[in-house]
Amino acid sequence: AYDGCVAENHLRFELDGEIRTAMKNETEMFFTSIIKEDRPVTDLIDSDYTFLNEKLAKLYGLTNLEVTGPEMRRVTLPADSERGGILTEGTVLTVTSNPDRTSPVKRGLFVLSNILGTPAPPPPPNVPALEASESNFTNHPTLRATLELHRDSPLCASCHNRMDPIGLGMENFNALGMWRNSERGQPIDATGKLVTGETFKAFPKLKHSLTTNH
């Protein structure tokens, strides 16, 4: 999983032992609540509650919920919150990131494999690393631009057309699970179209498509 620090919005967070434990507890307590309360399986993707302590609430930017202290507790999320469901939890967002950046490919593959039950086949041998495509740019491209060039190859397109839209729809979450609006100085474009045809303009719409159509 991601091991390091992220500085955004003038805040610096380290993935230390306390944050790791809080993330782990959030996912375990959230899953347990779904089982014990016999809640619908769609809550795994889109829910109006989660479990937080003060440090995790600050990492997520949920400072208006007045969560204080190290104890984990159930909280109701604001109606306009981007949080809710395991895809917004630090456990999933960090384990599907690289050490120095997010990975739309890993995130898309996670959803295909673990949520939709339609895993992509293994990549073909000798596929160049995604970073190799960046040498074609004179500036610092966004991950979206790099992926678009990467999947120009027919060898890569068939799988990336399935994975990339989902992962790019989650790009507002950085490698530690913090919400962000820009990447490399450019606004994040979280729009996309699933291989099954549904379009979405932002991550909440992607979640809605997953829960209602899949």
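Refer to the structure printed above.
Everything quoted here is computed from the prediction, not taken from an experiment.

**Overview of the nonpolar core**
Point 1. In terms of nonpolar packing, the biggest core is built from 39 residues, with Phe 30, Leu 52, Leu 56, Leu 59, Leu 87, Met 170 and Leu 206 touching the most fellow members.
Point 2. Elements with a contribution of two residues or more to this core: helix 1 (17-36), strand 3 (49-52), helix 2 (54-59), helix 3 (90-95), helix 4 (104-115), helix 6 (154-168) and helix 7 (203-213).
Point 3. In terms of residues, this core owes the most to one element, helix 1, which gives five residues.
Point 4. Setting aside residues up to four positions removed in sequence, Leu 56 forms contacts with Ile 19, Ala 22, Met 23, Glu 26, Phe 51 and Met 72.

**Comments concerning the pairing of strand 3**
Point 1. What you see with strand 3 is no split at all: Tyr 49 and Phe 51 on one side and Thr 50 and Leu 52 on the other are buried throughout.
Point 2. As paired elements, strand 3 and strand 4 (residues 73-76) share four bridges and run antiparallel to each other. Directly across from Thr 50, in strand 4, lies its bridge partner Val 75.

**Here we look at the environment of Glu 148**
Point 1. Mapped onto the secondary structure, Glu 148 falls in helix 5 (residues 143-150).
Point 2. The class for Glu 148 is partly exposed, based on a relative accessible area of 40%.
Point 3. For the pair Glu 148 and His 160, spaced 12 residues apart in the sequence, the C-alpha separation amounts to 9.2 Å.

**Quick look at the side chain of Ser 103**
Point 1. Position of Ser 103 among the secondary structure elements: in the loop between helix 3 and helix 4.
Point 2. Among the residues examined, Ser 103 registers a relative accessible area of 6% and is labelled buried.
Point 3. A polar side-chain atom of Ser 103 sits 3.1 Å from the main-chain amide nitrogen of Lys 106.
Point 4. Sequence-distant contacts of Ser 103, defined by excluding residues within four places in its chain, comprise Thr 96, Ser 97 and Asn 98.

**Observations concerning helix 7**
Point 1. For helix 7, the set of buried residues is Phe 203, Leu 206, Lys 207, Ser 209 and Leu 210. With its buried residues spanning 160° around the axis, helix 7 presents them on a single face.
Point 2. Packing partners of the buried residues in helix 7 comprise helix 4, helix 6 and strand 8 (199-200).

**Considering the packing of aromatic side chains**
Point 1. One pass over the structure, following the stated rule, counts four aromatic pairs.
Point 2. Ring geometry for Phe 30 against Tyr 49: centres 5.5 Å apart, planes inclined by 50°, an arrangement best described as tilted. Pair noted here: Phe 30 is in helix 1 and Tyr 49 is in strand 3, with a separation of 19 residues, a long-range link.
Point 3. Judged by centre distance (5.3 Å) and plane angle (85°), the rings of Phe 173 and Phe 203 are edge-to-face. A residue pair is termed long-range when its members are at least 10 positions apart, and Phe 173 in the loop between helix 6 and strand 5 (182-183) and Phe 203 in helix 7 qualify at 30 residues. Judged on exposure class, the residue Phe 173 and its partner Phe 203 are both buried.
Point 4. Three or more aromatic residues joined by ring pairs make a cluster, and in this case those are Phe 30, Tyr 49 and Phe 51.

What counts as what
- Residues numbered from 1 in each chain as written.
- Predicted model: local features only at pLDDT ≥ 70, side-chain atom pairs only at ≥ 80, totals over all residues.
- Heavy atoms only, no water.
- Core = buried A, V, L, I, M, F, W, Y, C linked by side-chain atoms within 4.5 Å.
- Buried < 20%, exposed > 50% of the residue type's maximum accessible area, 1.4 Å probe, protein only.
- Helix = DSSP H or I, 4+ residues; strand = E, 2+ residues; numbered from the N terminus.
- Contact = heavy atoms within 4.5 Å.
- Pairing = 2+ DSSP bridges.
- Polar contact = N/O pair within 3.5 Å; in protein donor to acceptor, adjacent residues only side chain to side chain.
- Arc of directions from axis to C-beta.
- Phe/Tyr/Trp six-rings, centres within 6.5 Å; stacked < 30°, edge-to-face > 60°.

By themselves, these are just geometric observations and shouldn't be taken as functional.
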